[in-house]
Amino acid sequence: MNNRAQNYRWVILAVISFAIFVPNYAQYQLSPIAGDMMTSYKLTAGEFTSVYTAPMTLAIIFSLLSGVISDKMGVRQVLIAGFIVSAAGLCWRVYTNSYMPLYLSMILAGCGAAFLNANSGKIIGSWFPAEKVGTMMGIYLAFSTLDMAVGIGTTAMLPGIHTVFVITAVLGVAAAIVCILFMKNTPSEKPQQDVPGVSVTESLKVVVRNRSIWIMAFCLVGIMVNTVLLTSFLPTALTAEGTDSVTAGLFSSIMTIGSLCGAIFMPVLAGKLGSNKPLMIGACVVGGIGSCFSWLAPVGPVLGICLFITGFCISGLMPLLMSLPVQLPGIGPKYAGTAGGFTSTLQLLGAVVLPTYVFVPLAGGNFNTLFMYAGGAMVVVAVLAFFLPDTAKMAGQAAQAM
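Residues numbered from 1 in each chain as written. Predicted model: local features only at pLDDT ≥ 70, side-chain atom pairs only at ≥ 80, totals over all residues. Heavy atoms only, no water.

Considerations on the packing of aromatic side chains
Right, on to step 1. Going through the model one piece at a time under the given rule, you end up with 14 aromatic pairs.
Right, on to step 2. Note on Phe-21 and Tyr-25: the rings are 5.6 Å apart at their centroids and 15 degrees apart in plane angle, and the pair reads as stacked. Taken together, the residues span about one helical turn, with Phe-21 and Tyr-25 both in helix α1 (residues 3–28) at a distance of four residues. You'll find Phe-21 and Tyr-25 in the same group, each marked buried.
Right, on to step 3. Relative to Tyr-52, the ring of Phe-48 has its centre 6.1 Å away and its plane inclined at 35 degrees; by these criteria the two rings are tilted. With Phe-48 and Tyr-52 both in helix α3 (residues 45–73), this residue pair falls four residues apart, about one helical turn.
Right, on to step 4. Among the residues examined, Phe-48 registers a relative accessible area of 2% and is labelled buried. (Phe/Tyr/Trp six-rings, centres within 6.5 Å; stacked < 30°, edge-to-face > 60°. Helix = DSSP H or I, 4+ residues; strand = E, 2+ residues; numbered from the N terminus. Buried < 20%, exposed > 50% of the residue type's maximum accessible area, 1.4 Å probe, protein only.)

Here it is as structure tokens:
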């Protein structure tokens, strides 16, 4: 990669970091106004959860397809299309006044995030060297987490639902324009359509036969189930315990600030230790305990610390997992789009189906039970993490070999 391309990779990182912020912000801003939305739109708790997870629905269908297409044709066209659809959905959302239009607009709003998350490993792995992939993925995911902090922490301060939706529609249009103007395929990227003998079927076979990809996918399912349950109901649970809505939103944002710090510093810590498996398992255990009990801490510094640590541990796992495919022998940047699409499909299928149709109905409105399920999901991730390759060791060995 020449010097000009090395410099432009920071522009690419900035573009995808801003782009992922917008659709995720549009989702997480619903959490602190859940009560107002259920009243205004006449939503049940189950309908609100389905609206909240609606941006993930399109990703279930199209993540794999977008990954395969990007492996064949490059990521630029895929991302531009995705964020144009997202902008259209966010603009439509401003004018909705009932459940179904709101639900459909939220599905469209998630298109850009679906396409970008499926290809984030491919993008970062193509522009940055292997030893930096985890750290750069952490920066990207930090912006994916920053939108949680901004959405959950500030939305309740805005004058109303209409204002919230208008602000996000403007940001959605801006994200589409930024992708059109600045997104590029990597100079070194050679689309698979130019490589004899490589087909979509072959790409899928390579990915599906890789044991580590399956384990990673189910780890991501567990983390997403945990995240959906916590972020969608934590402010409401704190309010039910006697905290006013603004304070509940601020304390919930502390967890997302912890998530942001975890996404940035966990890959750095893994690099310093030269191993990420013990770190991942420890983070799963601490994050699981925090998911179950931190919301019950007394309002004040203790609650803030508990929520910060919980968010740090859970979100710190994401860059370690999402940087895995591009570093796996036999996958690499060549098949990373397909691998990312495959894991995103399973991840989001679990995130939409399990909270909405399994755990929320089973909890029956009991927040203590609901957050126990969230903690249990992290226990499952801890067990699965035992069987993953240690990507920090792999990156260190690759760097030494150069």
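Picking up where we left off.
A look at the nonpolar core
Most often, soluble globular proteins have nonpolar side chains that are buried together.
Right, on to step 1. Of all hydrophobic cores here, the largest spans 130 residues; its most connected members are Met-37, Leu-116, Ile-123, Tyr-140 and Phe-165.
Right, on to step 2. Looking at this core element by element, the count peaks at 17 residues for helix α10 (residues 211–240).
Right, on to step 3. Those residues in contact with Met-37 that sit more than four places away from it in its chain are Leu-30, Lys-42, Leu-43, Phe-48, Leu-102, Ile-161 and Phe-165. (Core = buried A, V, L, I, M, F, W, Y, C linked by side-chain atoms within 4.5 Å. Contact = heavy atoms within 4.5 Å.)

Brief notes about empty space enclosed by the protein
Right, on to step 1. Summed over the entire model, instances satisfying the criterion amount to three cavities of 30 Å³ or more.
Right, on to step 2. Its volume calculated, the largest cavity comes out at about 510 Å³.
Right, on to step 3. If you go around the largest cavity, you meet 37 residues; those closest to its centre are Asn-117, Ser-144, Met-224, Met-318 and Gln-347.
Right, on to step 4. Secondary structure elements with two or more residues in the lining of the largest cavity: α1, α3, α6 (111–127), α7 (130–154), α10, α13 (301–322), α14 (324–327) and α15 (332–363). (1 Å grid on protein atoms, 1.4 Å probe; cavity = no way out; pocket = protein on both sides within 12 Å on 5 of 7 lines; lining within 4 Å. Points joined across faces, edges and corners; volume = space filled by probe spheres on them.)

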